[in-house]
Structure formats: structure tokens, C-alpha cells
Amino acid sequence: MSSTTDNENNYTSALSDERMKTLFSMFDQDSDGTIDFTELATYLYKIREDMSEATNEAIQFFLMLDKDDKRRLEFKMFVRLILHIFAGEGMNFFEAVDYLIEELKNVEITSADRKEITIAANNYRSHRDMAKKRERSCRSSGCSELRKIAKVI
């Protein structure tokens, strides 16, 4: 079986895994059915125990996954993200999820941590807003033709 097939099988299994749903609920602090930047950064900090690393990863993950610029991750995107994190650590989600859930219950976020998360969230929003502004500017000035030419070259 290929690595791609294994990844898709893991993804399909994780979608219906109750522990993944529990993990999603833990991240989704406001219970709105999505994970925003602050929620993701908070729990990445709980995993990494390094706020700078957590906020940088949250920015990278949002830039990678938030293609429609909703600035929120829905459950399916969250599942892909968690599987990616586990794979990057050389761990199997299904073997380590129970440990992770217990660990995430025991970490406190300080006011200084919250301040750093807020700053990083503002940086992310600013980056996305500038990217949208550039995109709108390009649409009105013909940058799309230049992109097509650049792809050919």
C-alpha cells in the first residue's frame, strides 16, 4: 500500500474517531464548530510549551490550510492538521491521542502567553489583509496575465 493510500486511510479513520472529536472540542474553546487562530495557537503552545514556536506554527498552518480566507479551520481541516503534526513528530495519532488529550488538560496559559497570542493573531490578520489587498490590486491591474506568463516560463 502506498504512503498516500495510508494517509487517506488514516484521515478517513480519524474523521470518525471519537477521540479526534474530543480533541477538536478542546481546541474549539468558544464551541462555534471551528478553530480560530487564537484557539489553535493556544493549544499548539500547550503541545510545544514554547509560545514563539506555537504562534509561528499557527501562522504557517493557517496560511497553508485557510485557502478561502475564512480565518477558521473546520473539522476536516483540523483533522488533516493534527495528523500532519503527529506525522511530523514521528508519532501515530491512534497510538498517542489519549496521552495528548490528558496532557492538554493540565497546561495553564498565563496572561503574558495570551498577550503573545494576541500579537501573533494580529500579525496573521495583517498578513492576510495585505495579501488580499495585493490580490485585489493585481486583479484590477492585470497581474493575472503576468502570473500566467510566469507559469509558462
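In this text the structure is predicted, and so the values were computed from the model without any measurement. (Residues numbered from 1 in each chain as written. Predicted model: local features only at pLDDT ≥ 70, side-chain atom pairs only at ≥ 80, totals over all residues. Heavy atoms only, no water.)

Chemist: Which parts of the structure should I look at to understand the overall build of the protein?
Modeler: When its secondary structure is counted, the protein shows 8 helices and 2 strands. Considering the protein as a whole, with its 153 residues, one finds that 39% of them fall into the buried category. If you take every contact in the protein between residues at least 6 apart in sequence, the share linking residues at least 24 apart comes to 67%. If you sum the accessible surface of the protein, you get close to 9500 Å²; carbon and sulfur atoms cover 50% of it. (Helix = DSSP H or I, 4+ residues; strand = E, 2+ residues; numbered from the N terminus. Buried < 20%, exposed > 50% of the residue type's maximum accessible area, 1.4 Å probe, protein only. Contact = heavy atoms within 4.5 Å. Areas by Shrake-Rupley, 256 points an atom, 1.4 Å probe, with all protein chains shown as cover.)

Chemist: Help me understand helix α5 (residues 75-88) in this model?
Modeler: Note on helix geometry: an α-helix contains 3.6 residues per turn, so any two residues three or four positions apart are oriented the same way. The terminal C-alpha atoms of α5, which comprises 14 residues, lie 20 Å apart, in line with the 20 Å expected from a rise of 1.5 Å per residue. Turning to α5, its buried residues are F75, F78, V79, L81, I82, L83, I85 and F86. (Expected span 1.5 Å × (residues − 1).)

Chemist: Would you take a moment to explain the nonpolar core for this structure?
Modeler: The nonpolar side chains of a soluble globular protein tend to be buried with one another. By size, the foremost hydrophobic cluster in this structure holds 41 residues, and its most contacted members are M20, L23, F27, F37, L40 and I82. For this core, the secondary-structure elements that each account for two or more residues are α1 (3-16), α2 (18-27), α3 (37-48), α4 (51-65), α5, α6 (93-105) and α7 (111-141). The element that contributes the greatest number of residues to this core is α5, accounting for 8 residues. When near neighbours in sequence (up to four residues on either side) are disregarded, F27 contacts I35, E39, L40, Y43, I47, F78, I82 and L104. (Core = buried A, V, L, I, M, F, W, Y, C linked by side-chain atoms within 4.5 Å.)

Chemist: Please explain unusual backbone geometry as it appears in this structure.
Modeler: Note on backbone geometry: most residues besides glycine have negative phi, and most peptide bonds are trans. Backbone geometry at S31 places phi at a positive 55°, although glycine is not the residue there. With respect to the element layout, S31 can be found in the loop between α2 and β1 (35-36).

Chemist: How do you make sense of the packing of aromatic side chains when you look at a structure like this?
Modeler: Remark: the centre distance and the inter-plane angle together describe each pair of aromatic rings, the angle taken between the planes. Counted by the stated rule, this structure contains 7 aromatic pairs. Pairing F24 with F75 gives two aromatic rings, centres 5.3 Å apart and planes at 90°, and the pair type is edge-to-face. Placement of the pair is F24 in helix α2 and F75 in helix α5, with a sequence separation of 51 residues. Comparing F24 with F75 shows no difference in burial state: the two are buried. Judged by centre distance (5.4 Å) and plane angle (90°), the rings of F86 and F93 are edge-to-face. A relative accessible area of 4% places F86 in the buried class. (Phe/Tyr/Trp six-rings, centres within 6.5 Å; stacked < 30°, edge-to-face > 60°.)

Chemist: I'm lost on α4 in this one. Help?
Modeler: In a regular helix each residue adds 1.5 Å, so 15 residues correspond to 21 Å; α4 covers 21 Å between its end C-alpha atoms and thus fits that length. Restricting attention to buried positions, one finds in α4 the residues M51, A54, T55, E57, A58, I59, F61, F62 and L65.

Chemist: Please explain the confidence of the model for the protein as it appears in this structure.
Modeler: As a general rule, the predicted coordinates of low-pLDDT regions are not to be interpreted in detail. Summary statistics for the protein give a mean pLDDT of 79 and a share of 86% for residues scoring 70 or more. Per-element mean pLDDT across the protein ranges from 51 in helix α8 (residues 143-152) up to 91 in α2. Under a pLDDT of 50 for its full length, residues 149-153 has, in the predicted model, 0 contacts with residues more than four places off or in other chains. (pLDDT = per-residue confidence, 0-100.)

Chemist: Sorry, what's going on with the pattern of salt bridges here?
Modeler: Side chains bearing opposite charge may pair, as long as their charged atoms lie close to each other. This model, assessed by the stated rule, comprises 5 salt bridges. Residues D98 and R19 are paired through a salt bridge, measuring 3.5 Å at the closest nitrogen-oxygen approach. With D98 in helix α6 and R19 in helix α2, this residue pair connects regions lying 79 residues apart in the sequence. You can call D98 partly exposed: its relative accessible area is 45%. By sharing partners, the salt bridges in this structure join D17, R19 and D98 into a single network. (Salt bridge = Lys/Arg side-chain N within 4 Å of Asp/Glu carboxyl O.)

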